[in-house]
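# Chain and residue survey
Each chain is listed here by its residues.
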Amino acid sequence: GKIVLIEINKVNLKVYLMINEAGIAIQPHSDQIPDTIIRGSLTQLFKLSTQSAAASYGQSVDISGDMELGAAVKRILSDVEWDVEAELAKVIGD
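Here is a short report on the structure shown in this document.

Calculation criteria
- Residues numbered from 1 in each chain as written.
- Predicted model: local features only at pLDDT ≥ 70, side-chain atom pairs only at ≥ 80, totals over all residues.
- Heavy atoms only, no water.
- Helix = DSSP H or I, 4+ residues; strand = E, 2+ residues; numbered from the N terminus.
- Buried < 20%, exposed > 50% of the residue type's maximum accessible area, 1.4 Å probe, protein only.
- Contact = heavy atoms within 4.5 Å.
- Areas by Shrake-Rupley, 256 points an atom, 1.4 Å probe, with all protein chains shown as cover.
- Core = buried A, V, L, I, M, F, W, Y, C linked by side-chain atoms within 4.5 Å.

## So, the overall build of the chain
- Tallying secondary structure elements over the chain gives four helices and five strands in all.
- For the chain, the N- to C-terminal ordering of α and β elements is β-β-β-β-α-α-β-α-α.
- In the chain, buried positions account for 33% of the 94 residues.
- Put simply, 50% of the contacts in the chain that link residues at least 6 apart link residues at least 24 apart.
- A total of about 6200 Å² of accessible surface is found on the chain, and carbon and sulfur atoms cover 51% of it.

## Quick word on the environment of Met67
- By the element assignment, Met67 lies in helix H3 (residues 67-79).
- Given the relative accessible area of 45%, Met67 is considered partly exposed.

## Here we look at the nonpolar core
- One finds Val4, Ile6, Leu17, Ile19, Ile38, Leu45 and Val73 to be the most contacted residues of the largest nonpolar core, which totals 14 residues.
- Elements represented by at least two residues in this core include exactly strand S1 (2-8), strand S2 (13-20), strand S5 (61-65) and H3.
- With four residues, S2 is the single largest residue contributor to this core.
- Non-local contacts of Leu45, meaning those with residues more than four positions away in its chain, are made with Ile6, Glu7, Ile8, Ile38, Arg39, Gly40 and Val61.

## Regarding unusual backbone geometry
- Although it is not a glycine, Lys10 sits at a positive phi angle of roughly 75 degrees.
- Counting through the fold element by element, Lys10 comes out in the loop between S1 and S2.
- Judged by its relative accessible area of 84%, Lys10 is exposed.
- With a phi angle near 50 degrees, Asn12 is a residue other than glycine that sits in the positive phi range.
- When you line up the elements, Asn12 lands in the loop between S1 and S2.
- Judged by its relative accessible area of 69%, Asn12 falls in the exposed class.

Taken by themselves, the reported measurements are silent on function.
Here is the structure:
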């Protein structure tokens, strides 16, 4: 499988997306080195999931590592209706 680390600036929050054949799991930590790291403010990360690829990559969101995987995650986030609050509550609490 693949691991994507999403770091949300200013709140020091890290969320790991564990991606494998069964789907995507959200975890608060991982002992493995992530394949891709996506860093940005919560606002910019939200925009990443709603804008076109050309508009998404800029100075406000930093993507490092496996860029193809980062682009795939962006496509997944923009194509899926996702209750982000509910998923984050599982990781960080209500």
